[in-house]
Amino acid sequence: MAFQAPVETSTAKIRELTLGTKKTVTVGGQNALAFHSFEGTLPNGPKIAMEVYDTTPADWADELKRAIGDVWGDPVAWAKKCEGEFGADLICLQLAGTDPNGANRSVADAVATVKAVAEAISVPLMVYGSGNSDKDAELLKAVAEATQGKNVIIGLAVEENYKSIGAAAMGFGAKVSGETPIDVNMAKQLNILLTNLGVPLDALLIDPSTGALGYGLEYCFSIHERIKLAALKQNDAMLQSPTIANLGKEVWRAKEAKISQADAPQWGDGRKRGIIWETLTATAVMMAGADILIMRHPEAVKLIRKTIAELGA
Amino acid sequence: MALTGMAIFKHMPKTNCGQCGVPTCLAFAMKLAAGGASLDQCPFVSEAAKELLAEASAPPIRGVVIGEGEFALKIGEELVMHRHEKTFFNPAGYALLIEDTEDAAAVAGKLAALKAATYERVAQKLRSNLVAVKNASGDAAKFTACVAAVAGAIEYPLVLMAEPAAIEAALAVTALKRPLLYAATKANLDAMAALAKKLGAPLAVKAVSLDELGELTAKLDGMGVKDLVLDPGSRTLKETHQNLVYIRRAALKKKLRPFGYPIITFPAEETTDDMMETIHAAIYTIKYGGIVVLRDLSPEKAYALYVLRQNIYTDPQRPMQVEQGFYPINGADENSPVLITTNFSLTYFIVSSEIEGSKVPAWLGIVDTDGLSTLTAWAAGKFVPDRIAAFVTKSDLASKVKHRTVIIPGYVAQLSGELEEELAGWKVVVGPREASELPAFLKALK
Ligand code: B12
Ligand code: SF4
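A. Representation of the overall build of chain A in the model. Check the secondary structure of chain A and you find eleven helices and ten strands. Against the globule reference of 20 Å for 313 residues, chain A gives a C-alpha radius of gyration of 19 Å, in line with a compact fold. Seen through its principal axes, chain A has C-alpha atoms that stretch 65 × 55 × 35 Å. Taken over 313 residues, chain A has a buried fraction of 62%. Surface accessibility of chain A: about 11,000 Å² in total, with carbon and sulfur atoms responsible for 48%.

What follows is the structure, encoded as structure tokens:
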């Protein structure tokens, strides 16, 4: 009996977005589920953005500091190293230092950092605020203005500030990443609101929130799968934006990623453990359909890149 | 695959004798279709009808049990492609690969480590499930000795990877209950089938293509060998992933019986890089593997895989929760600090194990938040000042402790002011954000 391959083709596809200007990166464009190259075309495959912080992170695992090395605390050098040495497809500059409840860096200071990083790299840039919705509204407007013409992604736009961030993106030609808490309808609704404002659909990306391995990963996995199924099988235009998984941040909060072998001998090699924690979280969300993975550890990045190559995007 | 009452009725005796407890064969068939009766309640139904009905009502992916007793592994019986559609049921089993060419002392060490890599997380025991012993030497005597040594060292059921004669020789020395025989191929099909039947053991089937795989399983089924596990033969990540998707779909969506069995996968034979092996295993855990065979299950890899498997196989429709109340930890007394958290099992598990680890006696107050985590519950209005205050006030906490201080999670620092207002006479202290910082925090309290 000859096996009839049960292929499922789709006429719908994920919107294809080109990012950056010097060395552009294109995401989306696929008309099949993650790595289902046997039943569709996957022109781009998942891309990896590496995180760079504007201020020296206070509580990072020693293993991360070791891996990032001499550029630790210098966003420009750090970004260059991610591009040159670690092979990042994109740089995600996190302006955590602008948080009013933290270092409270001024918008002007932060914009200076953004400009310096943007000048130093060729790959596309994503710029994220601190998560304080009021400050982010003001900050990201200035960021969009300062990076006009560079085709950056700004974020995260949330329910509270999407109007200002959406307007800034429209005005200065940036793309916007919108974050909603693990809910297909909310992700869809935010895209509807942003397009009602006038932001073009091909400037939108969806960040449906991330839970790390052991810390809500299952919810995150299923939300990515459900978004891709709705986009491809139900042809839901509002969910056809490429998706982002902001996972490095979540993974490296987990005790299992951080704790040393001396303090947790039962969990084995402390150095590899954090890398594995990040790698498996990234593997899961990538298999579920995420288009951009925001990651931290250079070795985890290398392993995911190898996995993507083996799976044949 | 559910049958209708009418379809079942066709195969009934149609004598309406009433011995099944309902007056007519039709009524019985209807009851059967609705799941309210079982076929053996009718003493007159023919063997042929029985087989047909059992076949038709069998799950689309057969459940297969390897081993017996406490350490038995059940795989298969999956019903969906995506976990959110219902749930995934029988978690994939991890098997450690041992070759009979390996040094005996090294094997003993590996098995001891494998046994030790057993953990508890969110009220579940996490561990590996099988040991796959491979006749890499080609020598039946070596294989026999290796199987005996492995079976003597660990209770996990075995996968016996050898030709039928070598398997038979090994089992003559070491009796095993329901080991998985690996594997029937086109070349040895008859001998393997006979051995599986004789032993009543499950049998893996290895083919070079899905075409051939379907042919072999159909043949085995015809020979009465039903407990099968599929190996589509691919040994690259890309092809194996494709095969896994195809087989699951063929079974669930096309109802193709020859593919309605769990699948065995071999990261161990796909890569020599230990980290890539873990990633291959992760992918087969997520996408449709029933057994995953690895060379390296060192704790840092095994634990991550176990947690991934636990996440993926969690029932999405039922958030795991614990009961509301105040729980004493480390022998808490009237002077011990009081911490407040939510009743999401994961949150409870993480926080309570950190308190336990600190060895500091403390009370942990669990607020019923319908099984939501700290921030989720806060955002959903279920971990908010009035609910927390009502919980504390209605409890007998005031008689359990002499002091009047409660500690709340750092992530909900914003509710401390209002909570203090609602909880007259109590002081509210904001704890650290991450539970992993709790031991240091609790020790500093003293
Ligand atoms: C999984 C998840 C869900 C799941 C629910 C899982 C569950 N059973 O709780 C689902 C998909 C259902 C969900 C729904 C919602 N979610 Co939700 N969700 C998450 C996610 C991804 C992970 C949460 C998690 O499980 N964490 C793991 C547990 C263990 O963490 P935890 O309870 O906080 O415990 C840690 C610490 O707090 C500390 N700790 C705990 N207790 C204590 C006690 C003391 C004394 C101390 C010192 C420390 C401490 O220890 C733990 C480990 O360090 C987070 C984002 C994220 N990455 O955190 C969003 C998140 C929590 N969700 C959010 C929201 C808004 C929602 C919704 C309200 C959205 C909506 N409007 O529908 C709904 C509400 C649900 C409802 N209406 O029923 C927001 C909250 C925003 C905010 N800052 O307030 C978040 C942060 C996402 C986001 N970035 O927007 N969510
Ligand atoms: S016992 Fe069997 S034959 Fe008799 S009525 Fe019931 S179903 Fe019909």
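B. View of empty space enclosed by the protein. Residue and element names in this part refer to chain A. Scanning the model with the defined rule gives eight cavities of 30 Å³ or more in all. By volume, the largest cavity amounts to about 150 Å³. Along its surface, the largest cavity is lined by 17 residues, and Gln 30, Ala 34, Gly 45, Pro 46 and Asp 291 are the ones closest to its centre. Here the residues of the lining of the largest cavity are counted per class, giving ten nonpolar, five polar and two charged.

C. Spotlight on the interface of chain B and chain A. In this complex, chain B contributes 51 residues to the contact, which on the side of chain A involves 49 residues. When chain B packs against chain A, close to 4,600 Å² is buried across both sides, 66% of that on carbon and sulfur atoms. Together, Arg 249, Met 275 and Glu 300 of chain B form the three largest contributors to the area buried by chain B at its contact with chain A, with a combined 14%. Connecting chain B to chain A are eight salt bridges. Where Lys 272 of chain A meets Asp 274 of chain B, a salt bridge forms, and the shortest distance between an N and an O atom there is 2.8 Å. Along the contact surface separating chain B from chain A lie 21 residue pairs in polar contact (both at pLDDT 80 or more). The set of elements that each furnish at least two residues to the side of chain B that touches chain A consists of strand 4 (119-121), helix 8 (210-222), helix 9 (237-252), helix 10 (274-286), helix 11 (299-312) and helix 12 (345-358) of chain B.

D. Layout of the site of ligand 2. Every residue near ligand 2 is listed here: Met 12, Pro 13, Thr 15, Asn 16, Cys 17, Gly 18, Gln 19, Cys 20, Cys 25, Phe 28, Cys 42 and Pro 43 of chain B. Classifying every residue of the shell around ligand 2 by side-chain character gives eight nonpolar, four polar and no charged.

E. The arrangement of the pattern of salt bridges in detail. Enumeration according to the criterion identifies 39 salt bridges over all chains in this entry. Linking Lys 81 of chain A and Asp 70 of chain A is a salt bridge whose minimum nitrogen-to-oxygen distance equals 3.1 Å. Taken together, the residues Lys 81 of chain A in helix 2 (residues 75-84) and Asp 70 of chain A in the loop between helix 1 (62-68) and helix 2 connect sequence positions eleven residues apart. Residue classification places Lys 81 of chain A among the buried residues on the basis of a relative accessible area of 15%. Accessibility expressed as a relative area gives 70% for Asp 70 of chain A, which makes it exposed. Here Arg 235 of chain B and Glu 269 of chain B are joined by a salt bridge, their closest N and O atoms 2.8 Å apart. Here Arg 235 of chain B, found in the loop between strand 10 (228-231) and helix 9, pairs with Glu 269 of chain B, found in the loop between strand 11 (264-265) and helix 10; they are 34 residues apart in sequence, far enough to count as distant. Classification of Glu 269 of chain B by relative accessible area gives partly exposed; the value is 26%. Through salt bridges with shared partners, a single network forms among Glu 8, Glu 39 and Lys 233 of chain A together with Arg 249 and Lys 253 of chain B.

F. Examining the packing of helix 2 of chain A against helix 3 (residues 107-120) of chain A more closely. All names here are of chain A. Between helix 2 and helix 3, the least distance of the axes is 9 Å, while the angle of their chain directions is 30 degrees. Taken together, the axes of helix 2 and helix 3 are roughly parallel relative to one another. Two packed elements cross with a definite hand, and for helix 2 against helix 3 that hand is right-handed. Taken together, the residues of helix 3 that come into contact with helix 2 (itself represented by Pro 75, Val 76, Ala 79 and Lys 80) are Thr 113, Ala 116, Val 117 and Ala 120.

G. Structural context of the environment of Gly 224 of chain B. For Gly 224 of chain B, the location among the structural elements is in the loop between helix 8 and strand 10. For Gly 224 of chain B, a relative accessible area of 37% corresponds to the partly exposed category.

H. Summary view of the site of ligand 1. Around ligand 1 there are 37 residues in total, and Thr 210 of chain A together with Thr 341, Ser 373, Thr 374 and Glu 434 of chain B lie nearest to it. One chain alone does not account for the residues near ligand 1; they come from chains A and B. In the environment of ligand 1, an oxygen atom lies 2.6 Å from a nitrogen or oxygen atom belonging to the backbone of Ser 373 of chain B. For ligand 1, an oxygen atom lies 2.7 Å from a polar atom in the side chain of Glu 434 of chain B. Of all elements in the fold, only strand 14 (338-342), helix 12, helix 13 (374-379) and strand 16 (405-408) of chain B reach the threshold of two or more residues within the shell around ligand 1. Sorting elements by how many residues they give to the shell around ligand 1 places helix 13 of chain B first, with five residues. Taken together, the residues of the shell around ligand 1 break down into 23 nonpolar, nine polar and five charged.

I. Geometry of the environment of Pro 432 of chain B. Residue and element names in this part refer to chain B. Locating Pro 432 in the fold gives a position in the loop between strand 17 (427-430) and helix 17 (438-445). In the structure, Pro 432 is positioned 24 residues away from Ile 408 in sequence and 8.5 Å away in space, judged by C-alpha atoms. Those residues within four positions of Pro 432 in sequence are excluded, and the remaining contacts are Pro 409, Gly 410, Glu 437, Leu 438 and Phe 441.

J. Representation of a negative patch on the surface. Residues and elements named next belong to chain B. On the surface, a cluster of negative charge is contributed by Asp 386, Glu 418, Glu 420, Glu 421 and Glu 422. In terms of residue count, helix 16 (residues 416-422) provides more of the negative patch than any other element does, four residues in total. Position of Glu 418 relative to the elements: it lies in helix 16. With relative accessibility at 45%, the residue Glu 418 sits in the partly exposed group.

K. How the structure looks around the environment of Val 384 of chain B. Residue and element names in this part refer to chain B. When you line up the elements, Val 384 lands in the loop between helix 13 and helix 14 (385-394). Each C-alpha atom of the pair Val 384 and Leu 419 lies 8.0 Å from the other, and the pair is 35 residues apart in sequence. The residues touching Val 384, leaving out its near neighbours within four places in the chain, are Trp 378 and Leu 415.

L. Fine view of unusual backbone geometry. Residues and elements named next belong to chain A. Residue Leu 156 follows Gly 155 across a cis peptide bond; omega there is 0 degrees. Along the chain, Leu 156 turns up in strand 6 (residues 153-157). A positive phi angle, near 80 degrees, is found at Ser 209, a position not held by glycine. Structurally, Ser 209 can be placed in the loop between strand 8 (204-207) and helix 7 (217-233).

M. Quick peek at the side chain of Ser 352 of chain B. Residues and elements named next belong to chain B. Tracing the backbone shows Ser 352 in helix 12. From its side chain, Ser 352 meets the backbone oxygen of Phe 349 in a polar contact 3.4 Å long. Non-local contacts of Ser 352, meaning those with residues more than four positions away in its chain, are made with Ile 329 and Leu 364.

N. Representation of the sheet that holds strand 7 (residues 175-179) of chain A. All names here are of chain A. One open sheet accounts for eight strands, arranged 8-7-6-5-4-3-10-9; its pairing is parallel. The outermost strands of the open sheet, each flanked by one partner alone, are strand 8 and strand 9 (244-246). Going across the sheet, the axis of each strand differs from the next one's by a mean of 25 degrees, ignoring polarity. Across four bridges, the pairing between strand 6 and strand 7 is parallel. Of the residues in strand 7, the one forming a bridge with Ala 157 is Gly 178. Across the sheet, helix 10 (residues 270-288) lies against strand 9 and strand 10 (292-295), angled at about 165 degrees from strand 10, the strand it touches most.

O. Summary view of the sheet that holds strand 10 of chain B. Residue and element names in this part refer to chain B. Pairing is parallel across the open sheet formed by eight strands, whose spatial order is 10-9-8-7-6-3-12-11. Among the strands making up the open sheet, the edge pair consists of strand 10 and strand 11. Pairing analysis gives four bridges linking strand 3 (residues 93-99) to strand 12 (residues 291-294), with the strands arranged parallel. Bridged to Leu 96 within strand 12 is Leu 294. Along the sheet, helix 7 (residues 189-199) contacts strand 8 (180-184) and strand 9 (203-206); its crossing angle with strand 8, the most-contacted strand, is approximately 165 degrees. Against the sheet, helix 8 touches strand 8, strand 9 and strand 10, its axis set at about 145 degrees to strand 9.

Criteria and thresholds
- Residues numbered from 1 in each chain as written.
- Chains lettered and ligands numbered in written order.
- Predicted model: local features only at pLDDT ≥ 70, side-chain atom pairs only at ≥ 80, totals over all residues.
- Heavy atoms only, no water.
- Helix = DSSP H or I, 4+ residues; strand = E, 2+ residues; numbered from the N terminus.
- Rg over C-alpha atoms; globule rule 2.2 N^0.38 Å.
- Buried < 20%, exposed > 50% of the residue type's maximum accessible area, 1.4 Å probe, protein only.
- Areas by Shrake-Rupley, 256 points an atom, 1.4 Å probe, with all protein chains shown as cover.
- 1 Å grid on protein atoms, 1.4 Å probe; cavity = no way out; pocket = protein on both sides within 12 Å on 5 of 7 lines; lining within 4 Å.
- Points joined across faces, edges and corners; volume = space filled by probe spheres on them.
- Nonpolar A, V, L, I, M, F, W, Y, C, P; charged D, E, K, R; others polar.
- Contact = heavy atoms within 4.5 Å.
- Buried area = accessible area lost by both parts, 1.4 Å probe.
- Salt bridge = Lys/Arg side-chain N within 4 Å of Asp/Glu carboxyl O.
- Polar contact = N/O pair within 3.5 Å; in protein donor to acceptor, adjacent residues only side chain to side chain.
- Near = heavy atom within 4 Å.
- Axes fitted to C-alpha atoms, helices over the stretch in contact; angles between N-to-C directions.
- Parallel < 35°, antiparallel > 145°, perpendicular 65-115°, else oblique.
- Left-handed = near helix turned anticlockwise from the far one by under 90°.
- Patch = residues over 30% accessible without salt bridge, like charges linked within 9 Å, V, L, I, M, F, W, Y side chains within 5 Å.
- Lys, Arg positive; Asp, Glu negative; His and termini not counted.
- Charge placed at Lys NZ, Arg CZ, Asp CG, Glu CD.
- Pairing = 2+ DSSP bridges.

So yeah, pure geometry; function would need other evidence.
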